[in-house]
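Structure assessment
Okay, here's what each chain looks like letter by letter:
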Amino acid sequence: MSLTRTDISARILAGRQPDIADSFEAYAPVNIALCKYWGKRNAVLNLPVNDSLSISLGNKGTTTRLTRLPGAEKDKVFLNGKPVDGESAFCRKVVAHIDLFRPLGSGALRVETRNDVATGAGLASSASGFAALTKALVGLYGLTLSNEELSIIARLGSGSASRSIYSGFAHWHRGVRPDGMDSFASSLDVIWPELRVGVLTLAESEKPTGSREGMQRTVDSAILYNSWPEQADRDIRRLEHAITVRDFTLLGSTAEQNAMAMHATMLASWPPLLYWQPESVEVLQKVWQVRQDGVQVFATMDAGPNVKVLFESNSEPEMRSVFQSMDVIAPFS
Ligand code: ADP
Ligand code: DP6
Ligand code: CO
């Protein structure tokens, strides 16, 4: 018999005594994967095929406030100040996540959530969104959960959210158990103050194919996907080594190659998946040119047209002059 999401949350929440507040607000950062999560072995529990490793973007993320609505029958959801249609996929996913905690007795809730990044544009809003919602639910119910437990519950909302529980570097271990109780992220506990992430937002519109559908299509149709687990295993090992010895060139080149390999599997899917826009290619070519000119800069892209670049603080003045519209984040400041 296959396990449901509720089976997993019930196991984590079993025996806890809630102390429910009227309202609670929580924040979680977005994260950018340096080794990507792409493909699930279990789509109900968001269990991944491969390990992934990310960096969280400090003060760019999601803030979610939950308020009890005594007497109301249904949750009310607001995104960036605007009411969300109760029938929309957005609302249904939020309600389904709250349902994991509902047996503890909150009744209906008002959900006010704000994203600092565009929603559904490849800037990891699902990661910060479900990590913030999980933290807000745990806070509203007055519970104390370990980071691993928070990571597992956030993962049930969106896989990448398992990593947004942490600031800094996070490693999501794919785990091997069918119930996914060993599939959670942990913090790398490393500080790299000179590291910079530049976000080049080229388009803010919602992507036509969400990450969820995109990765399923790749797994189902791309023969090239067969090589992806090996790519990810190698890159995770390289990244962990790069972080341990502070080898920025190894970190950046591994992240860029990993992203390109993931996009190659997308392109090899049917129907083909191409999240890039002409402007994405222009930016990538500019990054490669600047690198050839001697600046240590590397690019990564997720399921969307926007490009993120990795560099160190000594290259910041040059990078700012080349990419004037770039948002620069110092993840460890
Ligand atoms: P992204 O690249 O932004 O992560 P995805 O396709 O992975 O794009 O996910 C977009 C989905 O994430 C939205 O349709 C919604 O279901 C969910 N999401 C985004 N922001 C939030 C939020 N603040 N709270 C809850 N869910 C959110
Ligand atoms: C390309 O976590 O958004 O950003 O688990 O179905 O919600 P679901 O997908 P999601 O996928 C993220 C894909 C990625 C790579 C990554 O963040 O690791
Ligand atoms: Co996402």
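Residues numbered from 1 in each chain as written. Chains lettered and ligands numbered in written order. Predicted model: local features only at pLDDT ≥ 70, side-chain atom pairs only at ≥ 80, totals over all residues.

The name given to the protein in an unreviewed UniProt entry is diphosphomevalonate decarboxylase, with Parendozoicomonas callyspongiae as the source organism. The record held by UniProt for the protein lists under Sequence similarities (unreviewed entry) the comment "Belongs to the diphosphomevalonate decarboxylase family." (UniProt positions renumbered as here; feature names shortened; annotations may be inferred.)

**Quick notes on the environment of Lys 36**
For Lys 36, the location among the structural elements is in the loop between β1 (23-35) and β2 (40-42). Considering only alpha carbons, one finds Lys 36 and Ala 259, 223 residues apart in sequence, at a separation of 6.9 Å. What Lys 36 contacts, discounting residues up to four positions off in sequence, is Ser 52, Asn 258, Ala 259 and Met 262. (Helix = DSSP H or I, 4+ residues; strand = E, 2+ residues; numbered from the N terminus. Contact = placed C-beta atoms within 7 Å.)

**Re the site of ligand 1**
The local shell around ligand 1 holds 23 residues, among which Ser 125, Ser 126, Gly 129, Gly 210 and Ser 211 are the closest. Broken down by secondary-structure element, the contributors of at least two residues to the shell around ligand 1 are α2 (89-99), β7 (109-115) and α3 (125-140). Examining the composition of the shell around ligand 1, we find that six residues originate from one element, α3, more than from any other. When its residues are assigned to classes, the shell around ligand 1 shows nine nonpolar, 12 polar and two charged. Two domains each provide a minimum of three residues to the shell around ligand 1, namely domain 1 (5-187) and domain 2 (195-329). (Near = placed C-beta within 6 Å. Nonpolar A, V, L, I, M, F, W, Y, C, P; charged D, E, K, R; others polar. Domains from an automatic or database assignment.)

**So, the domain arrangement of the protein**
The assigned domain composition of the protein is domain 1 (5-187) and domain 2 (195-329). For domain 1 versus domain 2, the separation of C-alpha centres amounts to 24 Å. When residues of the side of domain 1 that touches domain 2 are traced back to their parent elements, those giving at least two are β1 and β4 (52-68). In terms of residue count, the dominant contributor to the side of domain 1 that touches domain 2 is β4 (five residues). Looking at the side of domain 1 that touches domain 2, its residues break down into 14 nonpolar, seven polar and four charged.

**Thoughts on the site of ligand 2**
In the vicinity of ligand 2 lie 14 residues, with Ala 33, Ser 158, Gly 159, Ser 160 and Arg 212 positioned nearest. A class-by-class count of the residues in the shell around ligand 2 yields four nonpolar, seven polar and three charged. Both domains that meet at the shell around ligand 2, namely domain 1 (5-187) and domain 2 (195-329), each give it at least three residues.

**Considering the packing of α3 against helix α4 (residues 147-157)**
Axis separation between α3 and α4 bottoms out at 8 Å; the angle between their running directions is 125 degrees. In this view, α3 runs oblique relative to α4, as classed from their interaxial angle. The two elements α3 and α4 meet at a crossing, and its hand is right-handed. Facing Phe 130, Ala 131, Leu 133, Thr 134, Lys 135 and Val 138 of α3, the residues of α4 in contact are Leu 150, Ile 153, Ala 154 and Gly 157. In terms of residue class, the contact of α3 with α4 is built from seven nonpolar, two polar and one charged. (Axes fitted to C-alpha atoms, helices over the stretch in contact; angles between N-to-C directions. Parallel < 35°, antiparallel > 145°, perpendicular 65-115°, else oblique. Left-handed = near helix turned anticlockwise from the far one by under 90°.)

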